[in-house]
Structure formats: structure tokens, C-alpha cells
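Notes for the structure review
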Amino acid sequence: MIEALIPNSAPTLLPSGAIIRMDTHNIGGLRRLGAPHWDWDFPQRRRWETADIAILVFVYRQDKLVAKKIGLLQSKRLFPTNHDVEDEDEIGFLHGMNAFIRRDGQQAAAALHRTYSFDETCTFAAIQAGHRQVELIDTLNRDFGKAVFYLLYAPPELPYAVTYPLRKRIRVGDMPVGNRVVDADNLHRALVELNDGQSPTFSLLKSACVGRDWPLETWAADLLLTCQVGQQFDDSNDDRVRYFLERRSGPIGAALAASITLPGEA
């Protein structure tokens, strides 16, 4: 997402006289650092994040900051029918840039030849009923204000299939599915229907989130910027936002800040 936004990050003058600028940053928090399977809350060990993408909005009147708000996204992807996915490699994460040169001596051909198929029975397997992450998101939305939403990654349409290696570049036109932002409350209510450890299907979440399900750009531009979603903050709770963003051991992995400078008073 960050790579897609970088070309549009230059300051832009709008017809209203306002100037908008986007700053993007791949923070790369250390939430994964630590021995596998250690408990969630021990210092410097594995943590379950409440969100992994932060979107901040800063509004200025000329050179004076007059308002700021934050929206948080917890990203989850739709798993293919055969659940053939590449999980994050903790050792590779610890290697950092060295992972580019620390390669195995041979390339497994099977890793290059795959078919990924998706339909509405596929699950968001990293979302699980009864998981501690659900509790953490509910707690943050209750204590800080409703700021966390889910960003669900899915193919542009369903059913859908793609085979690797690609034989031509895939170009997407219409995208009736794609990346959608859904309300955490609606999603969590859908999990109540499942047994602990079960994951929701695309079909279940589609029906559970009717009316609270938006394309990513609609959620950001039409809802977050018009103060229909997200949480405004000020000096009184600045420390909570810093906790999300400034600590390398914190939860956020990437951030987008939109700075809007309004013209002076007429």
C-alpha cells in the first residue's frame, strides 16, 4: 500500500486553495521479535498487534495546527482454497537486509509453480474466534475511542484464480471486491457464531458487514477525512498515539499522514 501511494505524495494545491500533502513511512515495528511461541505480553517478545497500519490526518489553518485524528487498520488477507500461503519468516525478519543475500543453496521449483483459487467459501484464516487479538481491539476501541477497523485483502473479484509463474502482467479494471475496510464491531459479532479457533468465510463477513463495508479509498477519503470514522486526539491523549507509532516494539508497521493546510480566514 505504501509503495502505491508514494507517487501521489507531493504537495497538491486544490481548487479551494487548500494544500494537501501525504507522508508515508514503512515503520517496520519489532512486534515479531522474540522466540516463537512465547507469551504475548512479556517484554521484547511476541505481541499480537491491535492494528498494523496507521492513517493520520493533520489540519492546519495556514501555519497553525488546529486538529488531528487517527484511524487504525488491522490487515487480514483472504486465504486461497488450499490454504497455500507463505507465512512470515521470523528468522528472516531478524536478518533484516541480510535476508536478501542469505539465500538457500537451491530454489524449490514447487515454490514457483502454484495456482491460487478463491471463492466466497475461503476464509480469513488469521482471524479466529476467541483469539486474544479480538479482545485487544475491542478494549482499544472502548478505551481510546473507536479507531480500529479491519482492512480485508481479497482478489478483485470472486471467484478468482491466478497461476504462477505469470505469463503476462495482470491488469485490474473493475474491482467489485478487492481491498475493503469493515467495521470491527460487525466483524466481531460475526465471530460469535463460530467456535473458538474457527475463522470466518468471505461469505459470512459479507453478510455481517452490510452497510459497514467500504472500499479503502472510500473509507479514507469520504469517511475518515469527514470525521465519520476514526478518533480525534489532542495533547490530553497524545501519549497513547505515540505508543502506537514511536516505539519500534509497538504494533504499527506502516503509517500514512495526510497534512491539509487550509487558506487563511476570508
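How each quantity is defined
- Residues numbered from 1 in each chain as written.
- Predicted model: local features only at pLDDT ≥ 70, side-chain atom pairs only at ≥ 80, totals over all residues.
- Heavy atoms only, no water.
- Helix = DSSP H or I, 4+ residues; strand = E, 2+ residues; numbered from the N terminus.
- Buried < 20%, exposed > 50% of the residue type's maximum accessible area, 1.4 Å probe, protein only.
- Contact = heavy atoms within 4.5 Å.
- Areas by Shrake-Rupley, 256 points an atom, 1.4 Å probe, with all protein chains shown as cover.
- Core = buried A, V, L, I, M, F, W, Y, C linked by side-chain atoms within 4.5 Å.
- Pairing = 2+ DSSP bridges.
- Phe/Tyr/Trp six-rings, centres within 6.5 Å; stacked < 30°, edge-to-face > 60°.
- Lys NZ or Arg CZ within 6 Å of the ring centre and 35° of its normal.
- pLDDT = per-residue confidence, 0-100.
- Patch = residues over 30% accessible without salt bridge, like charges linked within 9 Å, V, L, I, M, F, W, Y side chains within 5 Å.
- Salt bridge = Lys/Arg side-chain N within 4 Å of Asp/Glu carboxyl O.
- Axes fitted to C-alpha atoms, helices over the stretch in contact; angles between N-to-C directions.
- Left-handed = near helix turned anticlockwise from the far one by under 90°.
- Nonpolar A, V, L, I, M, F, W, Y, C, P; charged D, E, K, R; others polar.
- Polar contact = N/O pair within 3.5 Å; in protein donor to acceptor, adjacent residues only side chain to side chain.

1. Here's the deal with the overall build of the chain
Each helix and strand counted, the chain has eight helices and eleven strands in total. Split into buried and exposed, the 266 residues of the chain put 39% on the buried side. In the chain, the share of contacts with a sequence separation of at least 24, taken over all contacts with a separation of at least 6, comes to 74%. Carbon and sulfur atoms form 52% of the exposed surface of the chain, whose accessible area is close to 15800 Å².

2. Examining the nonpolar core
Core analysis: the biggest nonpolar cluster contains 41 residues, and L56, I70, L72, L78, Y150, L152 and L187 have the highest contact counts within it. Sorting elements by how many residues they give to this core places helix 5 (residues 184–191) first, with four residues. V57, L73, V229 and I260 belong to the second-largest nonpolar core, a separate cluster that totals 16 residues.

3. A closer look at the pairing of strand 11 (residues 254–262)
Burial of strand 11 is extensive: seven of the nine residues sit out of reach of the surface. In this structure, strand 2 (residues 19–26) lies alongside strand 11, joined through eight bridges in antiparallel fashion. Paired with I20 across the bridge in strand 11 is I260. Examined bridge by bridge, strand 3 (residues 53–61) and strand 11 share nine bridges and lie parallel to one another. In the strand pairing of strand 11, V59 is matched with I260.

4. Re the packing of aromatic side chains
How two aromatic rings sit relative to each other is given by the distance of their centres and the angle of their planes. Taken as a whole and judged by the stated rule, the model has three aromatic pairs. One aromatic cluster is present, formed by F149, W214 and W219 through successive ring pairs. Above the plane of the ring of F79 lies R77, whose end atom (NZ or CZ) is 5.4 Å from the centre.

5. With respect to the confidence of the model for the chain
When the pLDDT values of the chain are averaged, the result is 82; 78% of them are 70 or greater. Segment residues 31–46 is flagged for pLDDT under 50; beyond a separation of four residues in sequence, or across chains, it makes 40 contacts in the model.

6. Observations regarding a nonpolar patch on the surface
The grouping of Y164, L166, I170, V172 and M175 at the surface amounts to a nonpolar patch, some 460 Å² of accessible area in total. Mapped onto the elements, I170 comes out in the loop between strand 7 (160–164) and strand 8 (180–183).

7. Some details on the packing of helix 4 (residues 132–143) against helix 5
Between helix 4 and helix 5, the least distance of the axes is 11 Å, while the angle of their chain directions is 145 degrees. For the element pair helix 4 and helix 5, the recorded crossing hand is left-handed. Contacts between helix 4 and helix 5 pair V134, I137, D138 and N141 from the former with A184, H188 and L191 from the latter. Residues belonging to the contact of helix 4 with helix 5 are distributed by class as follows: four nonpolar, two polar and one charged.

8. As for the side chain of N141
Inspection of the secondary structure puts N141 in helix 4. By relative accessible area, N141 is classed as buried at 11%. At a separation of 2.9 Å, a polar atom in the side chain of N141 contacts the main-chain amide nitrogen of V148. Apart from residues lying up to four places away in sequence, N141 is in contact with K146, A147, V148 and A184.

9. Regarding the side chain of N186
When you line up the elements, N186 lands in helix 5. When its relative accessible area of 11% is taken as the criterion, N186 is described as buried. Excluding residues within four positions of it along the chain, N186 makes contact with A208, C209 and R212.

10. Focus: the pattern of salt bridges
With the rule as written, the count across this model stands at eight salt bridges. Across the pair K146 and D183 runs a salt bridge, and its minimum N-O distance is 2.7 Å. With K146 in the loop between helix 4 and strand 6 (148–153) and D183 in strand 8, this pair connects stretches of sequence that are 37 residues apart. Overall, the relative accessible area of 1% leaves D183 in the buried class. A salt bridge links D185 to K146; its shortest N-O distance comes to 3.0 Å. With D185 in helix 5 and K146 in the loop between helix 4 and strand 6, the pair connects residues that are 39 residues apart, well separated along the chain. With relative accessibility at 27%, the residue K146 sits in the partly exposed group.

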